[in-house]
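Descriptive analysis of the structure
The chain contents come next:
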Amino acid sequence: MSTPKLFSPGPVDVSKETFAAMCHPMIGHRGSDFEVLYASLQPGLQEIFGTARPVFLSTSSAWGVMEGALRNLARKKVLCLCCGAFSDKWLDVAKKCGFEADSVQVAWGEEISPEAVHAKLAEGGFDTVTLIHSETSTGVLNDLAGISKVVKSFPDTMLIVDTVSSLSTVPVDMDANCIDVMLAGVQKALALPPGLAVFAVSAAGMERAKGTANRGYYFDFIEFAKNAAVNNTPSTPAISLLYGLQQILGEIAKEGFGPRQQRHAKTNAMIATWGAKHGFEMFAPAGRRSSALTCFKTPDGFDLSAFIKNLKNQYGFLINGGYGKIKGSTFRISNMGNETEATMQELIDAMDTLLG
Ligand SMILES: *Cc1c(COP(=O)(O)O)cnc(C)c1O
């Protein structure tokens, strides 16, 4: 059996062109070729981040920066906005790092309301807030503008935002939303192999980091900034992935950021229409759904594991059978990365045939 094509929400299918770009001969990272490569990535990354700040490159998965951001910015008490597997885990990570941590917790499948964030922050004492924009486990897209406005109304409160499955699919507007750290892993919306995270830090975030003790080394924001000033990274980066990133950013520039977002909206709507036709209910509320993936409730009596297995064995397409505590009771389909109306139609045709 050949390897199935991934329609599961991360990692996603990687194009031949991206793999080919990654086969570039190796270069040393302390030389001018590397500086040119590093600099070439900045405009494209800054566009999709919506920032004028430098975008740093971390050789780690997203969790490295998610933990690192806390270690750089949090002082004492962290508020984690929890609405699914990834955002709930961030609360655990904050506690494991030794911070006092509390949450605004909603049921999985619901979004975080800005009012609830306001009420919790008004209790006082929080210096840092974590938010996942697109909660990949539930398909919910949180109200980034509304929540960031609330957080910024509390002075000296830092906002860390995970955009792993939203970056480049919708505007995230880091600067306009006054976000202090924005981060993403590259194996989801950016359709690269795993192993690299991209992030940017506001001027206020850098000031906060400077005064934070025990930032460590690998994720020290000050080290990243010092090296970024000379188009470099603190330690040896995943150079092959950077060539892949350069290729993807080239594709985004060619397609246009706006058309890329429209493509995601269209392909996402195709899956919504397919689900409605078969009576599959959405797990996320209308108006707050990610346009990068869809999470459906598994209907009673529907043999989800047979459906997923047959789709994989007969058609070579892999979708996902739910994540965390909603494994089995939900399933997810990704339209992230390079998927087009044509490739989504192939998946839909296969699923339709299986459902009869
Ligand atoms: C996948 C995912 C992560 C975790 O990414 P890793 O690359 O496994 O560290 C974090 N946040 C969100 C929203 C994700 O979808």
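Up top you'll find the structure we're talking about.
Residues numbered from 1 in each chain as written. Predicted model: local features only at pLDDT ≥ 70, side-chain atom pairs only at ≥ 80, totals over all residues. Heavy atoms only, no water.

1. Let's talk about empty space enclosed by the protein
The method is simple in principle: a probe with the dimensions of a water molecule rolls over the atoms, and the space it marks as empty is what remains. Rule in force here: Put plainly, a pocket is an open set of points on a 1 Å grid over the protein atoms alone with protein on both sides within 12 Å along at least five of seven lines, a cavity is a set where a 1.4 Å probe fits but cannot get out, and a lining residue has an atom within 4 Å of a point. Grid points are joined across faces, edges and corners, and a volume is the space filled by probe spheres set on the points. Here the nonpolar group is Ala, Val, Leu, Ile, Met, Phe, Trp, Tyr, Cys and Pro; Asp, Glu, Lys and Arg are the charged ones; every other residue, Gly included, is treated as polar.
One pass over the structure, following the stated rule, counts one cavity of 30 Å³ or more. Taken as a whole, the largest cavity holds about 70 Å³ of empty space. If you go around the largest cavity, the residues you meet are L57, S58, T59, Y218, F224, T233, P234, S235, T236 and P237. Looking at the lining of the largest cavity residue by residue, the classes come out as five nonpolar, five polar and no charged.

2. Quick look at the nonpolar core
Note the following rule: By convention a nonpolar core is built from buried Ala, Val, Leu, Ile, Met, Phe, Trp, Tyr and Cys residues, the set being connected through side-chain atoms within 4.5 Å. Only protein chains enter the accessibility calculation, which uses a 1.4 Å probe; a residue whose area is less than 20% of its type maximum is buried, one above 50% is exposed, and one in between is partly exposed. A helix here means a DSSP run of H or I that spans at least four residues, while a strand means a run of E at least two residues long, and both kinds are numbered starting from the N terminus. Any pair of residues with heavy atoms lying within 4.5 Å of one another is described as a contacting pair.
Of all hydrophobic cores here, the largest spans 84 residues; its most connected members are V198 and L245. Sort the elements by how many residues they give to this core and helix α9 (residues 239-255) lands first, with eight residues. Excluding anything up to four places from it in sequence, L245 contacts L41, L45, L57, L190, L192, L196 and V198. Residues F7, F280, M282 and M351 belong to the second largest nonpolar core, which totals 20 residues.

3. Section: the layout of surface pockets
To keep things clear, this is the line we draw: The source of the domain bounds is an automatic or database domain assignment.
Taken as a whole, the largest pocket holds about 270 Å³ of empty space. Around the largest pocket, the lining comprises 19 residues; the ones closest to its centre are G10, F86, V164, Q187 and K188. At three residues, the largest contribution of residues to the lining of the largest pocket is made by helix α3 (residues 62-73). Partitioning the lining of the largest pocket into residue classes produces nine nonpolar, seven polar and three charged. The two domains that each donate at least three residues to the lining of the largest pocket are domain 1 (5-12 + 257-355) and domain 2 (17-253).

4. Description of the packing of helix α11 (residues 304-315) against helix α12 (residues 341-355)
Heads up, the rule is: Throughout, an axis means a line fitted to C-alpha atoms (over the contacting stretch in the case of helices), and angles, computed between N-to-C directions, take values from 0 to 180 degrees. Should an angle lie under 35 degrees it is considered roughly parallel, over 145 roughly antiparallel, and from 65 to 115 roughly perpendicular; all remaining angles are considered oblique. Rotating anticlockwise by less than a right angle from the far helix to the near helix defines a left-handed crossing, while the corresponding clockwise rotation defines a right-handed one.
Across the interface, α11 lies against α12 with an axial gap of 10 Å and an inter-helix angle of 120°. Taken together, the axes of α11 and α12 are oblique relative to one another. Crossing hand, α11 versus α12: right-handed. Residues F307, N310, L311, Q314 and Y315 of α11 pack against L347, A350, M351, T353, L354 and L355 of α12. Of the residues assigned to the contact of α11 with α12, the class counts are eight nonpolar, three polar and no charged.

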